[in-house]
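Structural description and commentary
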Amino acid sequence: MFLESFFQDVRVGLRVLFRDKSFCFLAVLVLGLGIGGATTQFTVVNAVALRGLSFPDPEQLMSVGLIDPKSSDQTNNFGFGVIPTAQDYEDLKAGQKSFALIAGYLSGSTINVTYKNTPQRYTGSYVTEDFFKIIGVSPIMGRDFTADDDKPGAGKVALLSYEIWQRDFSGDPKIVGQGVRINGKAATIIGVMPPGFKFPAFEEIWVPYYNEYPLKPRGELLLGANANAPAILGRLKPGVTLDQANTDFIGLARRLAQENPKTNQNLTSASVQPLLHALTGVQFRQQVWGMLAAVIFVLLIACVNVMNMQFGRAALRTKEVAIRGALGATRSRIVRQMLTESFVVAVLGAVVGVLIARWGVDWLIRANKALPFPLPY
């Protein structure tokens, strides 16, 4: 009986709303804009600050950097630290006790690929052999990098993103083992990554780091040392806390500063932070939270505006309400009918809002891809 009465109220509410088309259109539009803006921005906040990266146990993924306590935040990469040379990465890797695995990567690089005499330019990353093992992602075709691949003089190999495999390599099922030229040198495609995988930014191809940038002694890196130095990521060992990892790497930083005063004398501290924070940055996370507060305020304004429109409309419906009462409708029945009409308006506004949010998120993704340094995918 209740459901039958409710659906009857919905049918009556729809007839009344469609009869008053101007009110229905304005109310749904105002609510849709408010809900669409809030939903779009919450999607951004969820991706940047709440959900984390789409990998197994993303809370264990950490970023590592060396800190100069006497320098500015900007010099220290706003608290996340820097890695001056690949040799620093190697020394930290050899001495650390906090991570089950640790890897270096150089993201956002331009990599030129020639396939069947057709040159293409891609955004790619140079990564060490444990990079994909740390984040827990494997190729859907072929194999991952090995330590033998990640050596100077080894045969050059590469992993393709699913998207460019489909688009530029025609989804060739025999792509594994195909020969290409990467940065002018002969190379072999050894695998294809899963659909949608573009980590750490919007990468389309991955190449072993040391195969492209052989490790050099510190003395040869005093000028322009940071040009091709890798960033560091690691996965915490079970039971190791963030504070313990920071203590571990601060001790390593001090030891490196004592052993290498010419290159590391000022880098006497270190920072271990969640990888997501390092990829997005403090300022950007503060901005997205601030924007979420702003759009929620706009949503509240939209609700107040629709409420005022409802009050004004109710004042014009006194004759209709009086007739209903005269025909036997109780006060509660009339109130329920009014509430049902408001519910119908809210549902229609939510549908429009979700459609707006879908468009808004797609637009934000396209805008992000066009940035010089896109945010993590």
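This is a predicted model, so every value here is computed, not measured.

1. So, the overall build of the protein
Helix and strand counts for the protein stand at 12 helices and 10 strands. The C-alpha radius of gyration of the protein comes to 29 Å, more than 25% above the 21 Å expected for a compact globule of 377 residues. Dimensions along the principal axes, computed over C-alpha positions, put the protein at roughly 95 × 55 × 35 Å. Across the 377 residues in the protein, those meeting the buried criterion constitute 42%. When contacts within the protein are restricted to residue pairs at least 6 apart in sequence, those whose partners lie at least 24 apart make up 76%. Accessible area of the protein: about 19900 Å², with a carbon and sulfur share of 61%. For the protein, the centre of its 37 positive side-chain charges and the centre of its 29 negative side-chain charges are spaced 9 Å apart.

2. With respect to the pairing of strand E8 (residues 205-208)
Because side chains alternate across E8, one face comprises the buried residues Ile205 and Val207, and the other comprises Trp206 and Pro208, equally buried. Pairing analysis gives four bridges linking strand E3 (residues 118-127) to E8, with the strands arranged parallel. Bridge pairing links Gly124 to Ile205 in E8. For strand E5 (residues 156-160) and E8, the ladder comprises two bridges, and the chain directions are antiparallel. Across the sheet, Leu160 pairs through a bridge with Ile205, a residue of E8.

3. Regarding the pairing of strand E6 (residues 179-182)
Looking along a regular strand, one sees the side chains alternate between the two faces of the sheet. Only one face of E6 is covered, namely the one carrying Val180 and Ile182; the face carrying Gly179 and Arg181 has none of its residues buried. Where strand E2 (residues 99-115) meets E6, two bridges bridge the pair, whose relative direction is antiparallel. Residue pairing for E6: Val113 is matched across the bridge by Ile182. Where E6 lies against strand E7 (residues 185-192), four bridges are found, and the strand directions are antiparallel. What sits directly across from Ile182, in E7, is Lys185.

4. Some points on the packing of helix H3 (residues 86-95) against helix H7 (residues 242-259)
Packing of H3 against H7 leaves a shortest axis separation of 10 Å and a crossing angle of 130°. Taken together, the axes of H3 and H7 lie oblique to each other. In this structure, H3 crosses over H7, and the sense of that crossing is right-handed. Of H7, the residues touching H3 (which contributes Asp88, Asp91, Leu92 and Gly95) are Asp248, Phe249, Leu252, Arg255 and Leu256. Here the residues of the contact of H3 with H7 are counted per class, giving four nonpolar, one polar and four charged.

5. Some thoughts on the environment of Gly239
In this fold, Gly239 is placed in the loop between strand E9 (231-236) and H7. Each C-alpha atom of the pair Gly239 and Ala253 lies 23 Å from the other, and the pair is 14 residues apart in sequence.

6. Observations concerning the side chain of Asp68
Tracing the backbone through its elements, the reader meets Asp68 in the loop between strand E1 (61-67) and H3. No salt bridge forms around the buried Asp68; measuring N to O, its nearest opposite-charge neighbour Lys70 is 6.9 Å away.

7. A look at the packing of aromatic side chains
Inspection of every chain in the model, using the stated rule, returns 15 aromatic pairs. Seen in terms of ring centroids, Phe131 and Phe132 are 5.1 Å apart; in terms of plane orientation they differ by 90°. Their pairing is edge-to-face. Like Phe131, the residue Phe132 is buried in the burial classification. Their ring planes at 45° and their centres at 5.7 Å tell us that Tyr209 and Tyr213 sit as a pair that is tilted. Judged by relative accessible area, Tyr213 falls into the partly exposed class, the value being 23%.

8. A closer look at the pattern of salt bridges
Inspection of every chain in the model, using the stated rule, returns nine salt bridges. Taking the shortest distance from any N to any O, the salt bridge between Lys156 and Glu212 comes out at 2.8 Å. Separated by 56 residues along the polypeptide, Lys156 in strand E5 and Glu212 in helix H6 (residues 209-212) bring together distant segments of the chain. With a closest N to O distance of 3.9 Å, Asp362 and Arg358 form a salt bridge. Of the two residues, Asp362 and Arg358 both sit in helix H12 (residues 331-369), four residues apart, roughly one turn of that helix. Among the residues examined, Asp362 registers a relative accessible area of 30% and is labelled partly exposed. Among the residues examined, Arg358 registers a relative accessible area of 60% and is labelled exposed. Residues participating in the shared-partner salt-bridge network are Arg167, Asp168 and Glu204.

9. Looking at the environment of Leu242
The topology assignment puts Leu242 in helix H7. Taking the relative accessible area as the measure of exposure, Leu242 reaches 31% and is therefore partly exposed. Along the sequence, Leu242 and Lys369 sit 127 residues apart, while their C-alpha atoms lie 32 Å from each other. In this structure, Leu242 is in contact with Met62, Val272, Gln273 and Pro274, ignoring residues within four places of it in sequence.

10. Thoughts on H7
In this model H7 runs 26 Å from its N-terminal to its C-terminal C-alpha over 18 residues, within 8% of the 26 Å that 1.5 Å per residue would give. Three or more residues of H7 are buried, namely Ala245, Asn246, Asp248, Phe249, Leu252, Ala253, Leu256 and Ala257. Contacts made by the buried residues of H7 are with E1, H3, E2, E9, helix H8 (261-264) and strand E10 (269-274).

Cut-off values and rules
Residue numbering note: each chain is counted from 1, following its sequence as written. Reporting in this predicted model follows two pLDDT cut-offs: at least 70 for local features of residues, and 80 or more for side-chain atom pairs to be given and counted; totals over whole chains, interfaces and linings ignore these cut-offs and use all residues. Computation of side-chain values covers all heavy atoms of the structure but excludes hydrogens and water. Secondary structure follows DSSP: runs of H or I at least 4 residues long count as helices, runs of E at least 2 residues long count as strands, and numbering of each begins at the N terminus. Note that the radius of gyration is over C-alpha atoms, with the globule rule given as 2.2 Å times the number of residues to the power 0.38. Exposed residues in this analysis have more than 50% of their type's maximum accessible area, buried residues have under 20%, and partly exposed residues fall in between, with area computed by a 1.4 Å probe over protein chains only. It only takes one pair of heavy atoms within 4.5 Å for two residues to be counted as in contact. Only the protein chains shown count as cover for residues, with accessible areas throughout obtained via the Shrake-Rupley method and a probe of 1.4 Å. For the purpose of charge, His is not counted, nor are the chain termini; Lys and Arg are scored as positive and Asp and Glu as negative. For this purpose, a charge sits on NZ of Lys, CZ of Arg, CG of Asp or CD of Glu. Two strands form a pair only when DSSP identifies at least two bridges running between them. For helices, the axis comes from a line fit to the C-alpha atoms of the stretch in contact; other axes are also lines fit to C-alpha atoms, and the angle between any two N-to-C directions lies between 0 and 180 degrees. When describing relative orientation, an angle under 35 degrees is termed roughly parallel and one over 145 degrees roughly antiparallel, while 65 to 115 degrees is termed roughly perpendicular and anything else oblique. Here is the rule for handedness: rotate from the far helix to the near one, and if that takes an anticlockwise turn smaller than a right angle the crossing is left-handed, while a clockwise turn gives right-handed. Note that Gly is not counted as nonpolar here; it falls among the polar residues with everything else outside the nonpolar set of Ala, Val, Leu, Ile, Met, Phe, Trp, Tyr, Cys and Pro and the charged set of Asp, Glu, Lys and Arg. For this document, the term salt bridge refers to a Lys or Arg side-chain nitrogen within 4 Å of an Asp or Glu carboxyl oxygen. Side-chain rings of Phe, Tyr and Trp (the six-membered ring for Trp) are treated as a pair once their centres are within 6.5 Å; stacked means planes under 30 degrees apart, edge-to-face means over 60, and tilted covers the remaining angles. Working rule for helices: expected span equals 1.5 Å times residues minus one.

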